[in-house]
Amino acid sequence: MKTIYIKTALLGTILLANAAQAQQFPLDNLKPRDQRGINIFENPKDSVTTFEKLKVRIGGAFALQFQGLKHESGADQSVPATQLYDIGNNFNLATANLDIDVALYDGINLHLRTFLSSRHHNETYVKGGYIQIDKLDFIKKDFLSDFMKYSTIKFGHDEINYGDVHFRRSDNAYTTQNPFVGNYLMDAYATMVFAEYYYRRDGFIGMGGITNGRLNQNANGGTSPSLYAKIGYDKQLNSDLRVRLTGSVYNTANTQRLDFYDGDRAGSRYYYVMENAAATSSANFRSGQVIPDFKNKVTSIMINPFVRYKGLEFFGTFENASGRNTTEIDRRTWNQYAAELIYRFGNNENLYFGGRYNLVKGKLATGNKVDVTRYNIGGGWFMTKNILTKVEYVNQKYDGYPTSSILYDGKFNGFVLEAAISF
């Protein structure tokens, strides 16, 4: 099956690369997916138009890692359920994305992303997509132009804009915006049916959204609408200094299937870490992640400061999440703390190095209070604006898990190298 994955990824990459040679034109208010897109969070907002006629841009991404990790557990290794998988040093599954961007009309864009090869799913499948409206000229020329100068309407079935972490995470093969190989421990990411309204003016950012809180739209009933919002400030104060501060909130009052902290179908970059000896790459695709197990209710708050001075940048995260699963009465709370410090230098800042610290503390459904810590140290080289190579050292430790858990006194560490292409 892995051979099929790799052939699919390579074929998709060849097709994407051939298409990209003839389709490098920009589209209004869609951020680039190469080096130029680093530190661009929401899609830009510009009322100046370049639209002439319907245009279709084909792009995508490709990523491959070499993993050299080792793991340990304090649980009894003679018990099959807690016996660790025998990890070797080898290449991970090659992953690939196909992106289609369409300028449908003046001020209306469509984005669609397909995962050609991913860790969790055997088949090629649509990750998600959305329509973004920055003008209402399809109703009448300059209709509500003063209002739409600062407004954006966005809707579809895709990742929602909760927090700023999802702008710096690896999305299957699209990894160039992530300075490291792995994503955060507690990954608030899922593709849902949603609608969002943005108002941005003089650095102010305001956004409100609504969704049904589900990745699987065939799930049973009993769902209330989920509401979320973001408010913040993002300003280039001078040629050297940029500051951004945002706060986000997400609330699901009631659902029978909540896909929020376990909604990443692409899977973790750290294959088989802290997994049982009988694990498979596809079934155990969340290796190294922390899942709070909220399935019925959740309220989450995330605060993200970002400061960039010349080539030095800091990105921070505080997240508080409380919720419960369908069998619980009382809510449990989890907190996440993270800090990244990156320095970019060289020709067009094509080189960087830095570190990330990530801590998650919370209460399991069993009542155990646990914490998980991870730190990453690494760097990268943009060989071109579309080609990135990076290397990291990762160290992760578990504390507070019961002796019956494979995570009891668990830890893993080692090096991961990644080569990535995006366009």
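What you see is a predicted model; the values in this text were computed from it and never measured.

> I'm lost on the side chain of Thr191 in this one. Help?
For Thr191, the location among the structural elements is in strand β7 (residues 191–201). Overall, the relative accessible area of 2% leaves Thr191 in the buried class. In this structure the side chain of Thr191 is engaged in a polar contact, spanning 3.1 Å, whose partner is the side chain of Arg265. What Thr191 contacts, discounting residues up to four positions off in sequence, is Lys127, His157, Asp158, Glu159, Arg214, Leu215 and Arg265.

> Just to check I follow, could you spell out the pattern of salt bridges for this structure?
If the charged atoms of two oppositely charged side chains come close together, the side chains can form a pair. A full pass over the atoms with the stated rule returns 32 salt bridges. A salt bridge links Glu42 to Arg244; the shortest N-O distance between them is 3.0 Å. Of this pair, Glu42 sits in the loop between α1 (2–21) and β1 (55–72) while Arg244 sits in strand β10 (residues 241–252); the two residues are 202 residues apart in sequence, bridging distant segments of the chain. Lys45 serves as the salt-bridge partner of Asp134, at 3.1 Å between the closest nitrogen and oxygen. Pair noted here: Asp134 is in the loop between β5 (125–133) and α2 (145–148) and Lys45 is in the loop between α1 and β1, with a separation of 89 residues, a long-range link. Looking at Asp134, the relative accessible area reads 4%, which means it is buried. Assessed through its relative accessible area of 22%, Lys45 is described here as partly exposed.

> Please explain the environment of Leu27 as it appears in this structure.
Mapping Leu27 onto the fold places it in the loop between α1 and β1. The class of Leu27 is buried, set by a relative accessible area of 8%. In this structure the C-alpha to C-alpha distance between Leu27 and Asp171, which are 144 residues apart in sequence, comes to 21 Å. Contact partners of Leu27, with chain neighbours within four places excluded, come to Lys55, Arg57, Asp101, Val102 and Ala103.

> Would you mind going over unusual backbone geometry with me for this structure?
Backbone geometry places Tyr272, a non-glycine residue, at a positive phi of 70°. The residue Tyr272 is located in the loop between β10 and β11 (297–309) in this model. One non-glycine residue, Asp409, lies in positive phi territory at about 50°. Inspection of the secondary structure puts Asp409 in the loop between β16 (387–399) and β17 (411–422).

Definitions and cut-offs
Positions within a chain are numbered from 1, following the residues in the order the chain's sequence is written. Given that this is a predicted model, residues contribute local features only at a pLDDT of at least 70 and side-chain atom pairs are listed and counted only at 80 or more, while totals for whole chains, interfaces and linings are drawn from all residues. The basis for every side-chain value is the complete set of heavy atoms in the structure, and neither hydrogens nor water enter the calculation. Helix and strand definitions follow DSSP, with helices as H or I runs of at least four residues and strands as E runs of at least two, each counted in order from the N terminus. Only protein chains enter the accessibility calculation, which uses a 1.4 Å probe. A residue is then buried if its area is under 20% of the maximum for its type, exposed if over 50%, and partly exposed in between. Whenever a nitrogen or oxygen atom comes within 3.5 Å of another N or O atom, the pair is scored as a polar contact, on the condition that within protein one atom can donate a hydrogen and the other can accept it, and that pairs from neighbouring residues in sequence are kept only if both atoms are in side chains. In what follows, a contact means two residues having at least one pair of non-hydrogen atoms within 4.5 Å. The working definition used for a salt bridge is a side-chain nitrogen of Lys or Arg within 4 Å of a carboxyl oxygen of Asp or Glu.

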